[in-house]
Amino acid sequence: MPKKKSSKRSELDHYSLKAKKEGYPARSVYKLEELNSKFGIFKKNSKILDIGAAPGSWSLYCLRKTGKDSLVAAVDLKDITINKNEERLFFLQGDFFDEKIQSQLLEKGPFDAVISDAAPATTGNRTVDTGRSFTLAEGIISIADKMLCPGGNLAIKIFQGGDEKELANMLAKTFKETKIFKPKACRNESFETYLVGLNFK
Ligand SMILES: C[S@@+](CC[C@H](N)C(=O)[O-])C[C@H]1O[C@@H](n2cnc3c(N)ncnc32)[C@H](O)[C@@H]1O
């Protein structure tokens, strides 16, 4: 019998099933895996700041891939579902733009990598959603400067169709290399992509 062509749904199932099998709460972990293998976002023993961390797949991936001297500081408006007793994990529930949250995070820094999968609550209106994603990413980029070590890396989600090039230009001022990359693990219909800044000056 001829093999069925894989549909969008089966592709989605592939990543969701893989995440379940490997103990990750969300399939989005494979986006970080691709970003990290392509750009080497973080190293074995490093301090990582994960913004928009819930339910916790990216943080868990970082914990699994880094060594005993690493630290993952994570923040989200929502709670995470991964094991919070892991001593290399420091989680804060709240808004990353809250000054108290930022100063607590800074106490754990500076960080070798800042990763952000943060996304605004979507409305279904592409213009509104893209605009909100731009504002969120722009805010994170301007604060990431305070959080990163020289030589550090940044990966940040942005909805395509807004001014992602403008954000890439912002990054180019403070990073030696900048990239825009859409991992294969992004859903076909999704309009998200990732901005990457390498080697913070
Ligand atoms: C796509 S989810 C992240 C998934 C996560 N990377 C994982 O793999 O489990 C996006 C998250 O961004 C969070 N978020 C959006 N704005 C935020 C803000 N200002 N501060 C903290 N978290 C925020 C949302 O609450 C949501 O949980």
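The following refers to the structure shown. (Residues numbered from 1 in each chain as written. Predicted model: local features only at pLDDT ≥ 70, side-chain atom pairs only at ≥ 80, totals over all residues.)

What follows covers the nonpolar core. Counting 54 residues, the largest nonpolar core has Val114, Ile140 and Ile156 as its most contacted members. Once residues within four sequence positions are removed from consideration, Ile140 is found in contact with Ile51, Phe96, Ser116, Ala118 and Ile156. (Core = buried A, V, L, I, M, F, W, Y, C linked by C-beta atoms within 7 Å. Buried ≥ 20, exposed ≤ 12 C-beta atoms within 10 Å, placed from the backbone. Contact = placed C-beta atoms within 7 Å.)

In space, the seven strands of this open sheet follow the order S3-S2-S1-S4-S5-S7-S6, with mixed pairing throughout. Single-partner strands in this sheet number two, and they are strand S3 (89-93) and strand S6 (175-181). Taken over all neighbouring pairs, the strand axes of this sheet differ in orientation by 10° on average, direction set aside. Lying on the sheet, helix H2 (residues 29-39) is in contact with strand S4 (111-116), strand S5 (148-159), S6 and strand S7 (192-200); it crosses S7 at an angle near 35°. The strands touched by helix H4 (residues 99-108) within the sheet are strand S1 (47-51), strand S2 (71-76) and S3, with S2 carrying the most contacts at an inclination of about 170°. (Pairing = 2+ DSSP bridges. Helix = DSSP H or I, 4+ residues; strand = E, 2+ residues; numbered from the N terminus. Axes fitted to C-alpha atoms, helices over the stretch in contact; angles between N-to-C directions.)

The angle between the axes and the distance between the axes are what describe a pair of packed helices. Packing of helix H5 (residues 126-147) against helix H6 (residues 164-174) brings their axes to within 11 Å, and their N-to-C directions diverge by 5°. The angle between the axes of H5 and H6 places the two elements in the roughly parallel class. Across from Ala137, Glu138, Ile141 and Asp145 in H5, the residues of H6 making contact are Leu167, Met170, Leu171 and Thr174. (Parallel < 35°, antiparallel > 145°, perpendicular 65-115°, else oblique.)

Before going further, it helps to spend a moment on the site of the ligand. Near the ligand lie 22 residues; those nearest to it are Gly52, Ala54, Ser57, Phe96 and Asp117. Listing elements by their share of the shell around the ligand, those giving two or more residues are helix H3 (57-65) and S2. Tallied by class, the residues present in the shell around the ligand amount to 14 nonpolar, four polar and four charged. (Near = placed C-beta within 6 Å. Nonpolar A, V, L, I, M, F, W, Y, C, P; charged D, E, K, R; others polar.)

Turning to the packing of H2 against H3, a few remarks are in order. Across the interface, H2 lies against H3 with an axial gap of 8 Å and an inter-helix angle of 45°. It follows that H2 is oblique to H3 by the angle criterion. With respect to the hand of their crossing, H2 and H3 are arranged in right-handed fashion. Along the contact surface, H2 presents Val29, Leu32 and Glu33, while H3 presents Ser57, Trp58 and Tyr61. Here the contact of H2 with H3 is composed, by residue class, of four nonpolar, one polar and one charged. (Left-handed = near helix turned anticlockwise from the far one by under 90°.)

Once that is clear, we can look at unusual backbone geometry. Here Ala54 and Pro55 are connected by a cis peptide whose omega angle stands at 5°. Mapped onto the elements of the fold, Pro55 is located in the loop between S1 and H3. Here the amide bond leading from Gly109 into Pro110 is cis, since omega sits at -5°, within 30 degrees of zero. Tracing the sequence through the fold places Pro110 in the loop between H4 and S4. In the Ramachandran plot, Asn199 falls in the positive-phi region, its phi being about 65° despite a non-glycine side chain. Examined against the element boundaries, Asn199 turns out to sit in strand S7. When the 13 C-beta atoms within 10 Å are taken as the criterion, Asn199 is described as partly exposed.

In short, shape yes, function no, at least from these values alone.
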